[in-house]
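Structure assessment
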Amino acid sequence: MKDDTINIFEKKAEEMTAMNMFSGNEQFEETEGGFVSLDYNGVHYERIKVVRLFPFSDADKYISIREYGGSEREIGIIEYMDSMPEKTRKLLNHQLDLSYFTPVIQKIYSIKDEYGYAYFHVLTDKGECKFSINMGSNAVAKLSDTRLIIMDVDENRFEIRDVEALSQKERRMLDLFL
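Quick summary incoming for the structure in this document.

Side note on a nonpolar patch on the surface
Together, Tyr117, Tyr119 and Val153 make up an exposed nonpolar region whose accessible area comes to about 250 Å². You can see tyrosine 119 is positioned in strand S8 (residues 117–124). Owing to a relative accessible area of 36%, tyrosine 119 belongs among the partly exposed residues under this scheme.

Right, here's the structure in full:
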């Protein structure tokens, strides 16, 4: 009995630490509900989650394919998105676009600081927008000397690709965060 229990734990540990690299032969399909299913190694996954392991530095490299739901156990990794068939790339990129929707801020109209929150009024590549951030959090992350990611109170992401491309007035409004 004791040996059976040890074998079960060893098998689970092996499954949890295994890294499967996808080769392009896996069967990804769009479901009726607009999600993605996967057939891999004789197992059918009704719905999967697609996650970028390096979303800002290498967006098309190292894509994690995970079970959807509570455990989100990793099924495998796509090393290069370009190595996948075109149909699969389109399907997975659509899922990534939904998950990583990040409007790019093109103009800052105003930033007001009140009661521990900053209220932004901006123009993005998706249109005009107002959002707020908690000043006491790490809502503004510097990805480089000129690139910023801003996470609002609802966990929506906004990007400033080049702070230097903004006007001097806009950069002064951002000084509080730089």
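Notes on the nonpolar core
Ile108, Phe120, Ile160 and Leu174 are the most contacted members of the largest nonpolar core, which totals 18 residues. Those elements that place two or more of their residues in this core are strand S7 (105–114), S8, strand S9 (127–134), strand S11 (148–151), strand S12 (157–160) and helix H3 (168–174). Core analysis: the second largest hydrophobic core is formed by 17 residues, Phe28, Val36, Ile48 and Ile65 among them.

Some details on the pattern of salt bridges
This model, assessed by the stated rule, comprises six salt bridges. Across the pair glutamate 159 and arginine 147 runs a salt bridge, and its minimum N-O distance is 2.7 Å. Taken together, the residues glutamate 159 in strand S12 and arginine 147 in the loop between strand S10 (140–142) and S11 connect sequence positions twelve residues apart. The salt bridge involving arginine 161 is made with glutamate 159; its shortest N-O contact spans 3.5 Å. You can call arginine 161 exposed: its relative accessible area is 54%. Relative accessible area serves as the criterion here: at 5%, glutamate 159 is assigned to the buried category.

Quick look at the sheet that holds S11
Taken together, the three strands give an open sheet; going across it, the order is S10-S11-S12, and neighbouring strands pair in antiparallel fashion. Edge positions in the open sheet fall to S10 and S12, since each of these has one partner strand only. Looking at each pair of strands side by side, their axes are set apart by 20 degrees on average, direction ignored.

Observations regarding the packing of aromatic side chains
Within the structure shown, the criterion is met by five aromatic pairs. Ring plane angle 70 degrees and centroid distance 6.0 Å describe the contact between phenylalanine 22 and phenylalanine 28, whose orientation is recorded as edge-to-face. Of the two residues examined, phenylalanine 22 and phenylalanine 28, each falls in the buried class. Seen in terms of ring centroids, phenylalanine 131 and phenylalanine 158 are 4.0 Å apart; in terms of plane orientation they differ by 5 degrees. Their pairing is stacked. Remark: phenylalanine 158 occurs in strand S12 and phenylalanine 131 occurs in strand S9; sequence separation between them is 27 residues. Following the ring pairs from residue to residue traces out a cluster consisting of Phe22, Phe28 and Tyr40. It is arginine 47 that lies over the ring of phenylalanine 35; its NZ or CZ is 3.5 Å from the centre. Sitting above the plane of the tyrosine 68 ring, arginine 47 keeps its charged end 3.5 Å from the centroid.

What counts as what
- Residues numbered from 1 in each chain as written.
- Predicted model: local features only at pLDDT ≥ 70, side-chain atom pairs only at ≥ 80, totals over all residues.
- Heavy atoms only, no water.
- Patch = residues over 30% accessible without salt bridge, like charges linked within 9 Å, V, L, I, M, F, W, Y side chains within 5 Å.
- Areas by Shrake-Rupley, 256 points an atom, 1.4 Å probe, with all protein chains shown as cover.
- Salt bridge = Lys/Arg side-chain N within 4 Å of Asp/Glu carboxyl O.
- Helix = DSSP H or I, 4+ residues; strand = E, 2+ residues; numbered from the N terminus.
- Buried < 20%, exposed > 50% of the residue type's maximum accessible area, 1.4 Å probe, protein only.
- Core = buried A, V, L, I, M, F, W, Y, C linked by side-chain atoms within 4.5 Å.
- Pairing = 2+ DSSP bridges.
- Axes fitted to C-alpha atoms, helices over the stretch in contact; angles between N-to-C directions.
- Phe/Tyr/Trp six-rings, centres within 6.5 Å; stacked < 30°, edge-to-face > 60°.
- Lys NZ or Arg CZ within 6 Å of the ring centre and 35° of its normal.

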